[in-house]
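Chain by chain, the residues:
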Amino acid sequence: MSDRIYVLHVDDPAVVEAATGALKQAHCGITVETETNVADGLKRLDEGTFDCVIAGYDLPGQTGVEFLDAVRKQSPDMPFVLFTTEGNEAAASDAISAGVTEYLRADGGAEPYARLAHTVVNAVERTADDIEPTQSTRRERAIEELHSTARAFMRATTADAVAQVTVDAARTILNMPANAVHFADGDGLYPAAWTNQVEELIGMPPVFEPGDGLAWQAFETGETRVHNDVASSPDRYNPDTDIQSELILPLGDHGVLLIGSCEIGAFDDTDVTLARTLSVHATAALNRLDRDRQLREERDFIDQALNTLYDLFYVIGTDGSLQRWNERIPEVTGYSDDEIDEMSVSEFFPADEHETVAAAVEKTRASGRVTVEAEILTADGERIPYEFAGTQLTDADGAPVGTVGIGRDISQRKAYEQQLERQNERLDEFTSIVSHDLRNPLTVAEGNLELARAEYDSDALDKVSRAHERMRALIDDLLAFARAGETATDLESVALTGIVEECWQSVESDQATLIVEGDRQVQADTAKLRRLLANLLRNSVEHGSTGAQAPADDDTDHSDGSATVRVGVIKDTDRNGFYVADDGPGIPEDDREQVFEEGYSTGENGTGFGLKIVQRLAEVHGWTVTATESEAGGARFEVTGLEPA
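Residues numbered from 1 in each chain as written. Predicted model: local features only at pLDDT ≥ 70, side-chain atom pairs only at ≥ 80, totals over all residues. Heavy atoms only, no water.

**Q** Which residues make up the packing of aromatic side chains, and what values do they have?
**A** In total, this model carries 9 aromatic pairs according to the counting rule given. Measuring from centroid to centroid gives 6.2 Å for Tyr314 and Phe388, while their planes differ by 65°, and the two rings are edge-to-face. Residue Tyr314 is located in strand S13 (residues 312-317), and its partner Phe388 is located in strand S16 (residues 383-394); the two are separated by 74 residues in the primary sequence. Note on Tyr314: relative accessible area 9%, which makes it buried. Under the relative-accessibility criterion, Phe388 is labelled buried at 9%. The interplanar angle of 85° and the centroid separation of 6.2 Å between the aromatic rings of Phe596 and Phe637 together place this pair among those described as edge-to-face. A residue pair is termed long-range when its members are at least 10 positions apart, and Phe596 in the loop between strand S22 (576-582) and helix H18 (610-620) and Phe637 in strand S24 (residues 635-640) qualify at 41 residues. Each of the two residues, Phe596 as well as Phe637, counts as buried. Ring-pair connections join several aromatic residues into one group, and the members of that group are Tyr314, Phe349, Tyr386 and Phe388. (Phe/Tyr/Trp six-rings, centres within 6.5 Å; stacked < 30°, edge-to-face > 60°. Helix = DSSP H or I, 4+ residues; strand = E, 2+ residues; numbered from the N terminus. Buried < 20%, exposed > 50% of the residue type's maximum accessible area, 1.4 Å probe, protein only.)

**Q** Just give me the short version of the sheet that holds strand S3 (residues 52-55), but keep the residues and values in it.
**A** Across the sheet, 5 strands lie side by side as S2-S1-S3-S6-S7; this open sheet has parallel pairing. Where the open sheet ends on each side, the last strands, each with one partner, are strand S2 (30-35) and strand S7 (102-105). This sheet shows a mean twist of 20° between the axes of neighbouring strands, independent of strand direction. Strand direction decides the pairing type here: strand S6 (residues 80-84) and S7, joined by 4 bridges, are parallel. Residue pairing for S7: Val81 is matched across the bridge by Glu102. (Pairing = 2+ DSSP bridges. Axes fitted to C-alpha atoms, helices over the stretch in contact; angles between N-to-C directions.)

**Q** How would you explain the environment of Arg72 if you had to name every residue and give the values?
**A** One can find Arg72 in helix H3 (residues 64-74). On the basis of relative accessibility, which here comes to 16%, the residue Arg72 falls in the buried class. Along the sequence, Arg72 and Val100 sit 28 residues apart, while their C-alpha atoms lie 9.2 Å from each other.

**Q** Tell me about helix H10 (residues 269-307), and name the residues and values.
**A** An ideal rise of 1.5 Å per residue puts 57 Å on 39 residues; H10 measures up with 56 Å between its terminal C-alpha atoms. With a side-chain oxygen lying 3.1 Å from the backbone nitrogen of Thr270, the N-terminal cap of H10 falls on Asp268. (Expected span 1.5 Å × (residues − 1). Polar contact = N/O pair within 3.5 Å; in protein donor to acceptor, adjacent residues only side chain to side chain.)

**Q** Provide a residue-level description of the nonpolar core, including the pertinent values.
**A** The tendency in soluble globular proteins is for nonpolar side chains to be buried side by side. With 36 residues, the main nonpolar core has Leu529, Leu532, Leu533 and Leu537 as its most contacted residues. Within the residue set of this core, elements represented by two or more residues are helix H16 (496-507), strand S20 (521-525), helix H17 (526-542), strand S21 (563-571), S22, H18, strand S23 (624-629) and S24. Once residues within four sequence positions are removed from consideration, Leu533 is found in contact with Leu496, Ile499, Val500, Cys503, Phe578 and Val580. (Core = buried A, V, L, I, M, F, W, Y, C linked by side-chain atoms within 4.5 Å. Contact = heavy atoms within 4.5 Å.)

**Q** Got a sec to walk through the packing of H17 against H18? Specific residues and values, please.
**A** Look at H17 against H18: their axes get within 9 Å of each other, and the N-to-C directions meet at 150°. Crossing hand, H17 versus H18: left-handed. Touching Lys528, Arg531, Leu532, Asn535, Leu536 and Asn539 of H17 are Gly610, Leu611, Ile613, Val614, Leu617, Ala618 and Val620, all from H18. When the residues that make up the contact of H17 with H18 are grouped by side-chain class, the tally is 8 nonpolar, 3 polar and 2 charged. (Left-handed = near helix turned anticlockwise from the far one by under 90°. Nonpolar A, V, L, I, M, F, W, Y, C, P; charged D, E, K, R; others polar.)

**Q** Describe the environment of Leu189, naming the residues involved and giving the relevant values.
**A** Within the secondary structure, Leu189 is located in strand S9 (residues 188-194). Along the sequence, Leu189 and Gly255 sit 66 residues apart, while their C-alpha atoms lie 6.6 Å from each other.

**Q** An account of unusual backbone geometry is needed here, citing residue identities and associated values.
**A** One non-glycine residue, Asn175, adopts positive backbone phi at about 55°. Structurally, the position occupied by Asn175 is in the loop between helix H7 (159-172) and strand S8 (179-185). Asn175 gets classed as buried once you look at its relative accessible area, which sits at 3%.

**Q** How would you summarise the pattern of salt bridges if you had to cite specific residues and measurements?
**A** One pass over the structure, following the stated rule, counts 25 salt bridges. Between Arg383 and Asp352 there is a salt bridge, with its nearest N and O atoms 3.0 Å apart. In this pair, Arg383 sits in strand S16 while Asp352 sits in the loop between helix H12 (337-341) and helix H13 (354-367), placing the two residues 31 residues apart along the sequence. The partly exposed category is assigned to Arg383, whose relative accessible area is 36%. Here Asp352 falls in the exposed class, since its relative accessible area comes to 52%. Arg530 serves as the salt-bridge partner of Glu502, at 2.8 Å between the closest nitrogen and oxygen. One end of the pair, Glu502, is in helix H16; the other, Arg530, is in helix H17, and 28 residues separate them in sequence. Relative accessible area serves as the criterion here: at 42%, Glu502 is assigned to the partly exposed category. One network of salt bridges, with partners in common, ties together Glu373, Glu387, Arg413, Lys414 and Glu417. (Salt bridge = Lys/Arg side-chain N within 4 Å of Asp/Glu carboxyl O.)

Geometry only, nothing functional implied.
Structural data, given as structure tokens:
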């Protein structure tokens, strides 16, 4: 049997106070918990595990004998001592008949409280033959009550609340009144919750710094420590403490549960097992709070990130309702979060967009991804064009659970498209004027020139003819320049070699030779690429020099003054494209940017639009064209910015 005896004393406050002090003085192993009325006494008895009950005879509302009857119904084998200052033979007879363990009068001789302590000890010891069954019953009941305490742990929303539940359970269920929970915070173990008995024994619980005492050893190792005689341990925190035995249980990384006793060897195997069960529950509750905190922090971080988006973020459930959204949606739509929570997706769009939106949702379910343009209808009736990109959400088994997506305001893009459409309309008008209103009178002029040549032979007519040719060249280049500004839309993959040889047919001359060095696929608007290459090839032929020296590895015969034009592939680390180079006089370094300006020309018959058209055609593809020097000292035009081949 353990030297500890847990007593519940129910009586008048003055009697209880005097008896408690005397009992503790008479027997250091007696721990007394007190109440002043029968109802609270029964409740306390139900909440804790006690070895003996002491009660007065004249209690508020009931007699001590009536209280005994209630105790017997709840705990038939509980030792019960009736300790009263007022009694008679009839009261004693009633008590004995009711099954009282001992009947003791406070005024019956000297040192009544010492006799009370002796009586309590004897009453408890008389159950020694039943100690094993009692211990088993206590253990089973305590385990059952500890499991019920798990609900209190689940309700706890803070670590301090978990600490308080732990302390209360150790005191009331395990009958370990001197206990405390210390939490790890920074570089120490700080007291979070403790019982009144702890303060009575040691005052305010201390803060354990790293390496301090037995508590830190248990926390650092993560092992439960049972110290049957604290005084024998050189690592004890307080050498002058009244605590003789100590049970220390780590609570994972969170801290420790400390349980103390003024007796040596106070904790048996059952005590350790029950305390470990309690510490497991407490640790699980603290771990849950940590996970909940981490989940909240992650959710808050994600919400903050989503709320910083200028775009709309949304998650749509399989029933068509919004399950989650960022702050941008109520800002744009004008609906409150509560209103949005009750709305279906279709309610955010005007009626003429419902079919488009429904088709997009179905496409997402079928293909897993969709991009669609639709106008949002705000609470104020405003229509705002948006582009929505949605992706299907699935569960762990791959079953669809909804759609997640982003909505981007495309008002500016739509306005630009409308502006571009108007510009294209004006461009169409301009090209119509150039191609018809200018070409028609030019054709008339050329026809009359031929009639004049039939009647007259004059150098002046030759000058008119050259003027007509220049006008027609200007008209062709103006049309090409205007059309070069259109967007490259009809993209396809073409072989560079094939399209270069095709363009060469239109500029081929007896005074020039084409050499194609390498091939690659080019993703381009074929018509625009053909015009770009034709202009570059024609420029190289027209500006080639008969006096230029061919490269040493060129086996082409230049004795007749012909030019050589080379087309090749650029495959630098950060540049991809092609070049057109010649062996002519080249372009002075100071003029290499100027050659792309409108009207710039070094030829007598040049219009000054050829290279400007090249630059415009490159830009509509997203490419860059630059002028530099070829290996032969001539001009080299590089077109870069192409996707890697």
